[in-house]
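In case you want the letters, here they are:
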Amino acid sequence: MKSVQVTGPDRNEWVDVETPAVGANDVLLAIRACGICGSDVFYSHVGGIPPRQGATPLGHEPAAEVVEIGADVTGIAVGDHVVIDTMRFTDGLLGSGGAQGALTPFVVVKDFEPGVQLRVIPNDIPWQVAALNEPMAVAHHAVNRSGAKAGDRAVVFGAGPIGLGALLSLKSKGVAHVTLVDIIPGRLEKALAIGADAVIDSRNEDVVARLIELQGGVPDALGHGTRAATDVYIDAAGVASVVETVFAAAKNRAVLTIPAVHKKPVEVDFGTLLQTEIDIRMSMGYPTEIFEVTDAIIASPDKYAQIVSDVLPFDRALEALELAKTPGAADKVVVTFE
């Protein structure tokens, strides 16, 4: 069967691999959809995922159907539709340096444990929507790290898939007001469509002034000057200007959570920040959240479907990777297998 793999810096290719065998404790999955992640673009650019040597299989945002189970497997059945915890495979992280990737027709879950690697979903959830489970878990973990709670005011920078997922997660926690900030009008329109209370186009609006207008202002810690009343900031954009804006706006003890990958160092003046007592929290992956978001997707598939911008068939997977890495060309690209 064909597998999409990184074979060198800025080089992705089709590689022929064996269809996986199924042992007594294993589950064979037919991949039905797999999202393209910004991490895939990064892996491609650097030529793989160290310390793995040689070709690196891609694909870590899958949804699949169970097509074969081992003789000793219980808790799952042939025909089940599933979402996947790609971090719990015993042969390495699926699509992130492990032995397998989900941009291929079949994946085997070795040493299957009920409730650990797979979660069964209703058969009527569209595959491209089910494939959002992994990135939505990343977004949900960022929100959990932020400590956002009912009644808070929050702003999310970056209305791409992770930013939109953070919006939905914040709303699910009862956050009173969520503003999305971006520079692409179409993204801002999508944010409003799925539940943002307000949006800011940072190309032509003063973000700090607009935040104070939208979410209120409070005196700074020394009793003079005005800061945004925003409780939680989430950086899903990964550019230095976002961090600078947050530092200029943040009230005393506001929280900044960063799930975005910053590709360049960010200068921080801790002397200026001292009086704000701002809490900076990093967020990576989904230690516990992978199946926490599944119920939300099941409950509102039409809302999550709006996050998907492009759907391409598997035979155009290399094109999908190129599309995903082209700035402004697409937001969430999903490859489907039927």
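This text follows the structure it describes.
Residues numbered from 1 in each chain as written. Predicted model: local features only at pLDDT ≥ 70, side-chain atom pairs only at ≥ 80, totals over all residues. Heavy atoms only, no water.

(A) Region of interest: the overall build of the chain. From N to C terminus, the chain includes 11 helices and 18 strands. Taking 20 Å as the expected radius of gyration for a compact globule of 338 residues, we find that the chain reaches 21 Å, a close match to that expectation. When the 338 residues of the chain are sorted by exposure, 51% land in the buried category. Excluding contacts between residues fewer than 6 apart, the proportion of contacts in the chain whose partners are at least 24 apart in sequence is 66%. As displayed, the chain has an accessible area near 14400 Å², and 53% of this comes from carbon and sulfur atoms. Computed over 26 positive and 43 negative side-chain charges, the inter-centroid distance for the chain is 4 Å. (Helix = DSSP H or I, 4+ residues; strand = E, 2+ residues; numbered from the N terminus. Rg over C-alpha atoms; globule rule 2.2 N^0.38 Å. Buried < 20%, exposed > 50% of the residue type's maximum accessible area, 1.4 Å probe, protein only. Contact = heavy atoms within 4.5 Å. Areas by Shrake-Rupley, 256 points an atom, 1.4 Å probe, with all protein chains shown as cover. Lys, Arg positive; Asp, Glu negative; His and termini not counted. Charge placed at Lys NZ, Arg CZ, Asp CG, Glu CD.)

(B) Quick look at the nonpolar core. Ranked by size, the top nonpolar core spans 43 residues in total, and within it L170, L180 and Y304 carry the most contacts. Secondary-structure elements contributing two or more residues to this core are α2 (127-130), α3 (133-146), β9 (153-157), α4 (161-172), β10 (177-182), α5 (185-193) and β14 (232-235). In this structure, I84, L94, L103 and F112 belong to the second largest nonpolar core, which totals 33 residues. (Core = buried A, V, L, I, M, F, W, Y, C linked by side-chain atoms within 4.5 Å.)

(C) Layout of helix α11 (residues 317-325). Every buried residue belonging to α11 is among A317, A320 and L321, and all of these are buried. On an axial view of α11, the arc spanned by its buried residues comes to 100°, and they lie on one face. Looking at the packing, one finds that the buried side of α11 touches β1 (2-8), β2 (11-16), α1 (38-46), β17 (310-313) and β18 (333-336). (Arc of directions from axis to C-beta.)

(D) Here's a closer look at the sheet that holds β2. Spatial ordering of the open sheet is given by β2-β1-β4, a layout of three strands whose pairing is antiparallel. Of all the strands in the sheet, just β2 and β4 (56-57) have a single pairing partner and so form its edges. For β1 and β2, the ladder comprises six bridges, and the chain directions are antiparallel. The residue bridging V4 from the neighbouring strand is W14, located in β2. Across the face of the sheet, α11 comes into contact with β1 and β2 while running at roughly 160° to β2. (Pairing = 2+ DSSP bridges. Axes fitted to C-alpha atoms, helices over the stretch in contact; angles between N-to-C directions.)

(E) Structural context of the state of the cysteines. Throughout the structure, instances matching the rule amount to zero disulfides. Between C34, a free cysteine, and C37, which holds the nearest cysteine sulfur, the sulfur-to-sulfur gap is 9.7 Å. (Disulfide = S-S within 2.5 Å.)

(F) Structural detail: the packing of aromatic side chains. What the rule picks out here adds up to three aromatic pairs. With centroids separated by 5.1 Å and ring planes inclined at 85°, the aromatic side chains of W14 and F314 adopt a geometry described as edge-to-face. Linking W14 in strand β2 with F314 in the loop between β17 and α11, this pair joins segments that are 300 residues apart in sequence. Taken together, the ring pairs in this structure connect W14, F314 and F337 into an aromatic cluster. (Phe/Tyr/Trp six-rings, centres within 6.5 Å; stacked < 30°, edge-to-face > 60°.)

(G) Looking closely at the environment of A249. Of note, A249 is situated in helix α7 (residues 240-249). Leaving out residues up to four positions away in the same chain, A249 has contacts with V208, R227, A228 and Y233.

(H) Here's a closer look at the pattern of salt bridges. In this structure the tally under the stated criterion is 18 salt bridges. Among the salt bridges present, the one from D231 reaches R153, with a minimum N-O distance of 3.6 Å. Note that D231 is positioned in the loop between β13 (226-228) and β14 and R153 in strand β9, a separation of 78 residues in sequence. Assessed through its relative accessible area of 16%, D231 is described here as buried. R316 serves as the salt-bridge partner of E319, at 2.6 Å between the closest nitrogen and oxygen. Residue classification places R316 among the partly exposed positions, given a relative accessible area of 36%. One salt-bridge network, held together by shared partners, links R153, D231 and K251. (Salt bridge = Lys/Arg side-chain N within 4 Å of Asp/Glu carboxyl O.)

(I) Up close: unusual backbone geometry. A positive phi angle, close to 65°, is found at R253, a residue other than glycine. Tracing the backbone through its elements, the reader meets R253 in the loop between α7 and β15 (255-258). The exposed category is assigned to R253, whose relative accessible area is 59%. One non-glycine residue, E277, lies in positive phi territory at about 50°. By the secondary structure assignment, E277 is in the loop between α8 (270-273) and β16 (279-282).

(J) Broad picture of the packing of α3 against α4. One way to put it is that α3 packs onto α4 with a least axis distance of 8 Å and a crossing angle of 55°. Taken as axis vectors, α3 and α4 run oblique relative to one another. The element α3 and its partner α4 pack so that their crossing is right-handed. In this structure, α3 contributes P135, M136, V138, A139, H140 and V143 to the contact, and α4 contributes P161, I162, G165, A166, S169 and L170. Split by residue class, the contact of α3 with α4 holds nine nonpolar, three polar and no charged. (Parallel < 35°, antiparallel > 145°, perpendicular 65-115°, else oblique. Left-handed = near helix turned anticlockwise from the far one by under 90°. Nonpolar A, V, L, I, M, F, W, Y, C, P; charged D, E, K, R; others polar.)

Structural measurements only, silent on function.
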